[in-house]
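A closer look at the structure
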Amino acid sequence: MVKIIAIDGPSGAGKGAVGSMLAKNLGFHYLDSGALYRLLGLVAVRHKIDTGGNHNLTRLAENMDIGFEVRADGDNRVLLEGEDVTRELRTEKTAALASQVATSSQIREALLLRQRRFAKAPGLVADGRDMGTVVFPDAPLKVYLTASIEERARRRHKQLLENGESVSLRALEEQVRSRDERDMSREASPLVAAADAVELDTSELSVHEVVDTVQNIAILRGLM
Ligand code: DC
């Protein structure tokens, strides 16, 4: 049986940093499901397909040519139609597009199987908004990460600066707040903690502390 650890939560809660480190430590595969929504937003703009429409976008969600690579130095790279789009994927513009396409139930359905195909032996760490509730509802360990809005905006701000994008912290806080609102209030698979998820507030914790906590729970549950 493939061991699955589902990590959900709002943006900036630490899912990406925690999920990728956890996967590396455990020797598991890693799914950054947000990247699929971001890629779809990006490819739609490139092919001039209306991100508010549904039919063509759903077909694109099923067929888009994407790839995930882990480099020898442990760096994760994302490819779209053979081109490295890792940097473009992390911009605020792409995040907003992703949040928009993610509201459609047809698109979520089209991406469901693609996400499930990442579940391979020995295990998978999957991060997103509905990993524990919809995509992997039988996952033996579900984690829901949160953090204060101020701390999440501060982390996003740091990531964006590292990516060469300058946005004011105050504007970013507003953008994060409005994406949270859209992700939590949409009808299709809204962001919500699974009933059986372990909830962790990471506001005052380092990535290592969160990873250690999750690993200890994974040991208790016989996942490692
Ligand atoms: O985790 P992220 O910031 O890369 O996600 C980008 C957007 O994609 C986010 O606003 C909500 C959406 N998303 C989703 O609806 N379901 C997921 N499993 C992952 C991301």
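Our subject is the structure that appears above.
The paragraphs below set out a description of the structure included in this document.

A word on the packing of aromatic side chains
For the structure on display, the rule yields 1 aromatic pair. Taken together, a centroid distance of 5.6 Å and an interplanar angle of 75° make the contact between F68 and F118 edge-to-face. Linking F68 in strand β3 (residues 66-70) with F118 in the loop between α6 (105-116) and β6 (123-128), this pair joins segments that are 50 residues apart in sequence. Overall, the relative accessible area of 32% leaves F68 in the partly exposed class. You can call F118 partly exposed: its relative accessible area is 21%.

Topic: the site of the ligand
The full set close to the ligand counts 16 residues, and R38, R108, R129, D130 and R186 are the nearest of them. In the environment of the ligand, an oxygen atom lies 2.8 Å from a nitrogen or oxygen atom belonging to the side chain of R108. R186 has a polar side-chain atom sitting 2.8 Å from an oxygen atom of the ligand. Listing elements by their share of the shell around the ligand, those giving two or more residues are α2 (33-46), α5 (92-101) and α9 (169-185). Per-element tally for the shell around the ligand: the top contributor is α2, with 4 residues. Residues belonging to the shell around the ligand are distributed by class as follows: 4 nonpolar, 4 polar and 8 charged.

Some details on helix α1 (residues 15-26)
Compared with the 16 Å implied by 1.5 Å per residue over 12 residues, the 16 Å span of α1 between its first and last C-alpha is a close match. Of all the positions in α1, only K15, V18, G19, L22, A23 and L26 are classed as buried. Relative to the axis of α1, the buried residues are bounded by an arc of 125° and lie together on one face. Where α1 is buried, its residues meet β1 (3-8), β2 (29-32), β6, β7 (141-146) and α10 (207-220). Where α1 terminates, the next one or two residues include G27, which has phi positive at roughly 70°.

Some words on the packing of α5 against α9
The contact between α5 and α9 brings their axes to 10 Å, and the two run at 15°. In terms of axis orientation, α5 runs roughly parallel to α9. When you trace α5 past α9, the crossing you get is left-handed. Residues E92, A95, A96, S99 and Q100 of α5 form the contact with α9, whose own contacting residues are L172, Q175, R179, R182 and D183. Classifying every residue of the contact of α5 with α9 by side-chain character gives 3 nonpolar, 3 polar and 4 charged.

What to know about the nonpolar core
The biggest cluster of nonpolar side chains holds 33 residues, and the ones touching the most others in it are L39, L40 and F136. With 8 residues, α2 is the largest single contributor of residues to this core. With sequence-adjacent residues up to four places away left out, L40 is seen in contact with L57, L60, A61, M64, V101 and I107. Residues A13, V143, L145 and I217 belong to the second largest nonpolar core, which totals 19 residues.

As for the sheet that holds β7
Reading across from one edge, β2-β6-β1-β7-β8 is the order of the 5 strands in this open sheet, with parallel pairing throughout. Of all the strands in the sheet, just β2 and β8 (198-201) have a single pairing partner and so form its edges. Across this sheet, the average inter-strand angle for adjacent strands is 20°, counted without regard to direction. In terms of strand pairing, β7 meets β8 through 4 bridges, oriented parallel. Residue V143 lies in a different strand from β8, and its bridge partner there is V198. Along the sheet face, α1 touches β1, β2, β6 and β7 and points at about 165° away from the line of β1.

Criteria and thresholds
- Residues numbered from 1 in each chain as written.
- Predicted model: local features only at pLDDT ≥ 70, side-chain atom pairs only at ≥ 80, totals over all residues.
- Heavy atoms only, no water.
- Phe/Tyr/Trp six-rings, centres within 6.5 Å; stacked < 30°, edge-to-face > 60°.
- Helix = DSSP H or I, 4+ residues; strand = E, 2+ residues; numbered from the N terminus.
- Buried < 20%, exposed > 50% of the residue type's maximum accessible area, 1.4 Å probe, protein only.
- Near = heavy atom within 4 Å.
- Polar contact = N/O pair within 3.5 Å; in protein donor to acceptor, adjacent residues only side chain to side chain.
- Nonpolar A, V, L, I, M, F, W, Y, C, P; charged D, E, K, R; others polar.
- Expected span 1.5 Å × (residues − 1).
- Arc of directions from axis to C-beta.
- Contact = heavy atoms within 4.5 Å.
- Axes fitted to C-alpha atoms, helices over the stretch in contact; angles between N-to-C directions.
- Parallel < 35°, antiparallel > 145°, perpendicular 65-115°, else oblique.
- Left-handed = near helix turned anticlockwise from the far one by under 90°.
- Core = buried A, V, L, I, M, F, W, Y, C linked by side-chain atoms within 4.5 Å.
- Pairing = 2+ DSSP bridges.

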